[in-house]
Amino acid sequence: MAAVSPASRFSASQFSAANPKAKPFPSSFIQFRLSPSRHFPSSSSAAAAAAVPSLPRKSFSTSISCSVRPEYIPNRISDPHYVRVFDTTLRDGEQSPGATMTSKEKLDIARQLIKLGVDVIEAGFPAASKDDFEAVKAIAEEIGNAVDEDGYVPVICGLSRCNEKDIRTAWDAVKYAKRPRIHTFIATSPIHMKYKLRKSKEEVVEIARSMVSFARSLGCEDVEFSPEDAGRSDREFLYQILEEVIKAGATTLNIPDTVGINLPSEFGQLIADIKANTPGIENVIISTHCQNDLGLSTANTLAGAYSGARQVEVTINGIGERAGNASLEEVVMAIKCRGEHVLGGLYTGINTKHITMASKMVEDYSGLQVQPHKAIVGANAFAHESGIHQDGMLKHKGTYEIISPEDIGLERANEAGIVLGKLSGRHALRDRLKELGYELDDQQLGNIFWRFKAVAEQKKRVTDADLIALVSDEVFQPETVWKLHDLQVTCGTLGLSTATVKLTDADGEEHIGCAVGTGPVDSAYKAVDLIVKEEATLMEYSMNAVTEGIDAIATTRVLIRGENKHTPTHALTDEPFERTFRYWETFSFQFNSCRTLVDIYTHMHYIKHIASTGTQILCFSLYEQRFWGRDGHSGLQCEGLHQCTEQDVSIQATGAS
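Figured I'd write up the structure that's included with this text. Bear in mind that the values here come from a model prediction, so they are computed numbers and not experimental data.

### Observations concerning the nonpolar core
And then number 1: If you look at the biggest cluster of nonpolar residues, it comprises 109 residues, and the most contacted ones within it are L116, V118, I156, F225, L253, I255 and L429.
And then number 2: No other element matches helix α8 (residues 235-248), which puts eight residues into this core.
And then number 3: W482, L484, A499 and I531 belong to the second largest nonpolar core, which has 14 residues in total.

### Focus: the sheet that holds strand β7 (residues 285-290)
And then number 1: Pairing in this closed barrel of eight strands is parallel, and the strands run β1-β2-β3-β4-β5-β6-β7-β8 around the ring. With direction set aside, neighbouring strand axes in the sheet form an average angle of 25°.
And then number 2: Where strand β4 (residues 180-187) lies against strand β5 (residues 223-228), six bridges are found, and the strand directions are parallel. By the bridge assignment, A187 is partnered in β5 with E228.
And then number 3: Packed on one face of the sheet, helix α6 (residues 190-197) meets β4 and β5 and runs near 85° to β4.
And then number 4: Lying on the sheet, helix α7 (residues 201-217) is in contact with β4 and β5; it crosses β4 at an angle near 170°.

### Quick notes on the pattern of salt bridges
And then number 1: With the rule as written, the count across this model stands at 26 salt bridges.
And then number 2: In this structure, the salt-bridge partner of R111 is E142, at a minimum N-O distance of 2.7 Å. Within this pair, whereas R111 is found in helix α3 (residues 103-116), its partner E142 is found in helix α4 (residues 130-142), the two being separated by 31 residues in sequence.
And then number 3: A relative accessible area of 34% places E142 in the partly exposed class.
And then number 4: Residue E206 is joined to R209 by a salt bridge in which the shortest nitrogen-to-oxygen separation is 2.6 Å. Of this pair, E206 and R209 both sit in helix α7, separated by three residues, roughly a single helical turn.
And then number 5: Note on R209: relative accessible area 30%, which makes it partly exposed.
And then number 6: Put simply, K104, D108, R111 and E142 are held in one network by salt bridges that share partners.

### Quick word on the sheet that holds strand β11 (residues 510-517)
And then number 1: Here three strands make up an open sheet; going across it, the order is β9-β10-β11 and the pairing antiparallel. In this open sheet, the two strands that pair with only one neighbour each are β9 (483-490) and β11. Sheet twist, expressed as the mean angle between neighbouring strand axes with direction ignored, is 15°.
And then number 2: Alignment of strand β10 (residues 497-504) against β11, held across eight bridges, turns out to be antiparallel.

### Re α3
And then number 1: Taking 1.5 Å per residue as the helical rise, α3 with its 14 residues ought to reach 20 Å, and the 20 Å between its terminal C-alpha atoms agrees with that figure.
And then number 2: Listing the buried residues of α3 in full gives E105, K106, L107, D108, I109, A110, Q112, L113 and L116.
And then number 3: Note on α3: the residue one or two positions beyond its end, G117, has a positive phi of about 90°.

### Some words on the pairing of β5
And then number 1: Among the six residues of β5, six are classified as buried, and the element is accordingly described as predominantly covered.
And then number 2: Residues V223, F225 and P227 of β5 are buried on one face, and the alternating residues E224, S226 and E228, pointing to the opposite face, are buried as well.
And then number 3: Examined bridge by bridge, β5 and strand β6 (residues 252-257) share two bridges and lie parallel to one another. Its bridge partner lying in β6, E224 is registered against T252.
And then number 4: At this point the chain moves from β5, through α8, to the parallel β6, and the crossover so formed is right-handed.

What counts, and where the lines are drawn
Residues numbered from 1 in each chain as written. Predicted model: local features only at pLDDT ≥ 70, side-chain atom pairs only at ≥ 80, totals over all residues. Heavy atoms only, no water. Core = buried A, V, L, I, M, F, W, Y, C linked by side-chain atoms within 4.5 Å. Buried < 20%, exposed > 50% of the residue type's maximum accessible area, 1.4 Å probe, protein only. Helix = DSSP H or I, 4+ residues; strand = E, 2+ residues; numbered from the N terminus. Pairing = 2+ DSSP bridges. Axes fitted to C-alpha atoms, helices over the stretch in contact; angles between N-to-C directions. Contact = heavy atoms within 4.5 Å. Salt bridge = Lys/Arg side-chain N within 4 Å of Asp/Glu carboxyl O. Expected span 1.5 Å × (residues − 1). Right-handed = clockwise from strand over helix to strand, strands pointing away.

Here's what the structure looks like:
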């Protein structure tokens, strides 16, 4: 596209009138028409697109032809229909209150993202803390050099604010990757510039231009720039600052709806106008980043892609700041289902069969439970209870399912006819787990096998849900500090409950504690407390079934809070900064409840170890620029990081019995 002078700029909605011979657009999408030099389709949302009457009624195929992933070039894509998937689960997703993850957990998730085939992994915010820097560096070194037989290797991206210290730190973390990227941002909306930055438009433009140039000067050939709160920014100012960062060397322009205020029609129009009116835009990739404050993040992301954006920023399960981000599984499956017939042939390079595994891993590591009715990955996404629906499903699955569960790696039944039970061996277990998307090493398989046998002794048939629950405990859990060996409880109506607990510490030394309580769980917890000697208060205790029947596996959820310690709180709600961990077990509920508490103390030990070593843990919110301080107060600042050492956190845990 040729450069456009300010005087000749036009709104994308004027295109049809100016080009009467152009291919007609459906009336619902006419406002998304792009620049006259290149035609890209656009849409308001998957739901809106499906309802357009003027579109031909083709079959709703759930798959598209397998296309080769285009060669990666930072500032262009050889196939105009290919959409890059930028996953920010490890950065923006971790900003969800209570979703802080360890370096090991981030590395595990990054390995799963490779299986998904995401194009870009935003591994974190290296300047936030030493631990975050090391996590991003580890991901860059391992994941960023894991080139497959087809030449695919993900871009490893680090976030930074527009200052030299942040940018240099980000580069020092990601430079070990084969394809490193620096992502830098500065706010551009009037409210942010006036009250947060306290800078003029001219100052903001100069900072953005100089910092993008500085990033390129370090040797980084792939630089992404985000005008924070673009959805509320002045259009002409957006065109101006984007033009300057393009000249400075930016290769991707990310357009964030930071506060989730835009409707699909507005966001699609925004992308179209930027594409039509920004000089040099043909030399970069346009990206979208949509928050979910009004529940429109997926719809806005699809509208942006339909309007010409060729990178979408998403997170697994849609986790993220406040109400979350656009969900990877929703955006990808919408493009897979409707990309060919409604979205103008758009497609991604995602291997959707790994979606279920990725969702489960992020759920367990982040502690943010997926609601049952969540699209694509919710427990009820492929469940049918209505008699009318069940009748249709029995006759033809396409009557009520537009997506096959097998497409996302969710197996409803064993197609090979293998039924796992107490006589099943390791090979059968390994094969079934592989079908479910779990590739375990020999040690992990051995640890799971004896627990699988324990479940099989109690149940005639071990279901997929049972296996997923068991694997979660082995794959998604930390190194053991305390381990529960034995538990004996005496209870009844004749007197107080008593419990005897035997724990083993990290050195293999056994510890025994005895206590009296008001019930079996209370007495067992008091016995554990006598051994662990952690001051904590039980805030919540609950149990829920995972599978069905009297022999079902169930989750035990426990929430404890440390006593007499400073607890980080969320800047907006003043709620404690909480963390959830999930554990699965198949013994009595007393044993599992006790084991869950022991596992919580393991995590508390890890957090205290970080604090004792002086590691600075920064809870940083990109799109609000808010911080959680150790004194419980929130702060607003732009230039310097507000660092805090976490002395304690509220911790949640769940386990199964």
